[in-house]
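Next come the chains, spelled out residue by residue.
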Amino acid sequence: MPELAASPLRQGAEAGVDEAGAIDTFLGTVGRFAQVALLTDEEVRELFGADSAAALAAFDRYSRESGLCSSCGGVCCSEIGCEVYSPRFQECPIHATRPLLCRFHFCHRFDVVDKQLVIALRDIFLACYTADQISRGTIAKSMSVPPLETACPALVANVQPVMDAVREGSLDPQNGIELIRKEVERYRRRHLVAST
Ligand code: SF4
Ligand code: SF4
């Protein structure tokens, strides 16, 4: 594991996150979003603010540089029953638009990096998810993925044959990833972020 002092995470950790500010930003912004199941980094920044986005990005960089998730092979993805997980992929096939749960809920292996920041990010997610105006609506539904089925059933139906072919070995994993990303793009086009 690389020295933390040499990691970009050190900056994020020192900056910390303003939990109340991130929750306020989310509650003030989420109404513009038609879906929050599959979001880009930029959309996550809009939703939670710059310091939360920077902390998430720093953890992501740390994982990539240290090989933390790639060496594990996606135990959490498999255990949660994510429909786009396959051990044949080297990484999450929808990493650029992965769900909020995949971004905010770091497993215990991240605790050694910066446990306080891990807990702060988890708390932000949970507070937003359980906020009164969110907890019973479609936004909460699309925050509680993966599995993707409940929020994106059509996407899952379209991706299923691709995943079957990848698992059976009849489709090259890279081609599978491209097909999955096209389905995600189609899903996102159908649920565009509303303009301000
Ligand atoms: S978050 Fe944890 S369990 Fe999931 S892939 Fe990364 S190291 Fe593995
Ligand atoms: S969407 Fe989330 S659970 Fe599914 S493979 Fe990607 S990181 Fe893992």
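Every value quoted in this text rests on a predicted model; they were computed, and no experiment measured them.

Asker: Lay out the overall build of the protein chain with the relevant residues and their values.
Answerer: Across its full length, the protein chain holds 12 helices and 0 strands. Listing each helix as α and each strand as β along the protein chain from the N terminus yields α-α-α-α-α-α-α-α-α-α-α-α. Here the C-alpha atoms of the protein chain give a radius of gyration of 17 Å, agreeing with the 16 Å that 2.2 N^0.38 yields for 196 residues. Projecting the C-alpha coordinates of the protein chain onto the three principal axes gives extents of approximately 45 × 40 × 25 Å. Taking the contacts inside the protein chain whose residues are at least 6 apart along the sequence as the reference set, 71% of them involve residues at least 24 apart.

Asker: Mind laying out the site of ligand 2, listing which residues take part and the relevant values?
Answerer: Near ligand 2 you find Gly74, Cys77, Ile80, Cys82, Val84, Tyr85, Cys92, Ile94, Arg98, Pro99, Cys102 and Pro146, and these make up its full shell. Among the residues making up the shell around ligand 2, the classes are represented as 10 nonpolar, 1 polar and 1 charged.

Asker: Mind laying out unusual backbone geometry, listing which residues take part and the relevant values?
Answerer: Put simply, Val145 and Pro146 share a cis peptide bond, and its omega is 0°. When you line up the elements, Pro146 lands in the loop between α10 (138-143) and α11 (153-168).

Asker: Give a description of the nonpolar core that names residues and reports values.
Answerer: Among the nonpolar cores identified, the biggest contains 49 residues, and Leu121 and Ile124 are the most heavily contacted of them. Looking at this core element by element, the count peaks at 7 residues for helix α8 (residues 111-130). Residues within four places of Ile124 in sequence aside, it is in contact with Val17, Glu19, Ala22, Ile23, Phe48, Ser52 and Phe104.

Asker: Mind laying out the site of ligand 1, listing which residues take part and the relevant values?
Answerer: Taken together, Leu68, Cys69, Cys72, Gly74, Val75, Cys76, Phe106, Cys107 and Arg109 make up all the residues around ligand 1. Looking at side-chain class alone, the shell around ligand 1 contains 7 nonpolar, 1 polar and 1 charged residues.

Asker: Go over helix α2 (residues 19-29), please, and point to the residues and values.
Answerer: In an α-helix, one full turn covers 3.6 residues, which means residues spaced three or four apart are oriented alike. Ala22, Ile23, Thr25 and Phe26 are the residues of α2 that are buried. For α2, the buried positions fall inside an angular range of 160° around the axis, keeping them on one side. Across from the buried face of α2, at angles greater than 90 degrees, the exposed residues are Ala20 and Gly28. Next to the buried residues of α2 lie α3 (41-48), α4 (50-66) and α8.

Asker: An account of the confidence of the model for the protein chain is needed here, citing residue identities and associated values.
Answerer: Interpretation of the predicted coordinates at a detailed level should be avoided for regions scoring low in pLDDT. Residue-level pLDDT values for the protein chain average 90, and 90% of them are 70 or greater. In the model, residues 1-8 has pLDDT below 50 throughout and makes 13 contacts with residues more than four positions away in sequence or in other chains. Below a pLDDT of 50 lies the segment residues 10-14, which in the model reaches 9 contacts outside its immediate sequence neighbourhood of four places, other chains included.

Asker: I'd like a description of α11, backed by residues and values.
Answerer: Here α11 contains 16 residues, and its C-alpha end-to-end distance of 22 Å stays within 8% of the 22 Å for a straight helix at 1.5 Å per residue. Where α11 bends most, at Val159, the angle is about 35°, and the proline Pro161 comes one to four residues later. Considered for burial, the residues of α11 that qualify are Leu155, Val156, Val159, Val162, Met163 and Val166. Buried residues belonging to α11 abut α12 (173-190).

Analysis parameters
For every chain, the first residue of the written sequence is number 1, and numbering continues from 1 along that sequence. Note on labels: chains are lettered from A, ligands numbered from 1, in written order. Selection of residues for local features in this predicted model requires a pLDDT of at least 70, selection of side-chain atom pairs for listing and counting requires 80 or more, and totals for whole chains, interfaces and linings are taken over all residues. Helix and strand definitions here come from DSSP, where helices need a minimum of 4 consecutive H or I residues and strands a minimum of 2 consecutive E residues; each element is numbered from the N-terminal end. With the radius of gyration taken over C-alpha atoms, the globule rule is written as 2.2 Å times the number of residues to the power 0.38. We call two residues in contact when their backbone-placed C-beta atoms lie within 7 Å. For each residue, a C-beta atom is placed from the backbone, and the residue is labelled near a molecule or strand when this atom is within 6 Å of it. The nonpolar class holds Ala, Val, Leu, Ile, Met, Phe, Trp, Tyr, Cys and Pro. Asp, Glu, Lys and Arg form the charged class, and all remaining residues, Gly among them, are polar. Buried Ala, Val, Leu, Ile, Met, Phe, Trp, Tyr and Cys residues form a nonpolar core when they are connected through C-beta atoms within 7 Å. With C-beta atoms placed from the backbone, a residue is buried if 20 or more other C-beta atoms are within 10 Å of its own, exposed if 12 or fewer are, and partly exposed between those counts. Arc, as used here, means the arc of the directions from the helix axis to the C-beta atoms. Values of pLDDT, ranging from 0 to 100, describe the predictor's confidence in every residue of the model. Each helix should span, by expectation, one fewer than its residue count multiplied by 1.5 Å. Throughout, the bend at a residue refers to the angle made by two axes, fitted to the seven residues ending there and to the seven starting there.

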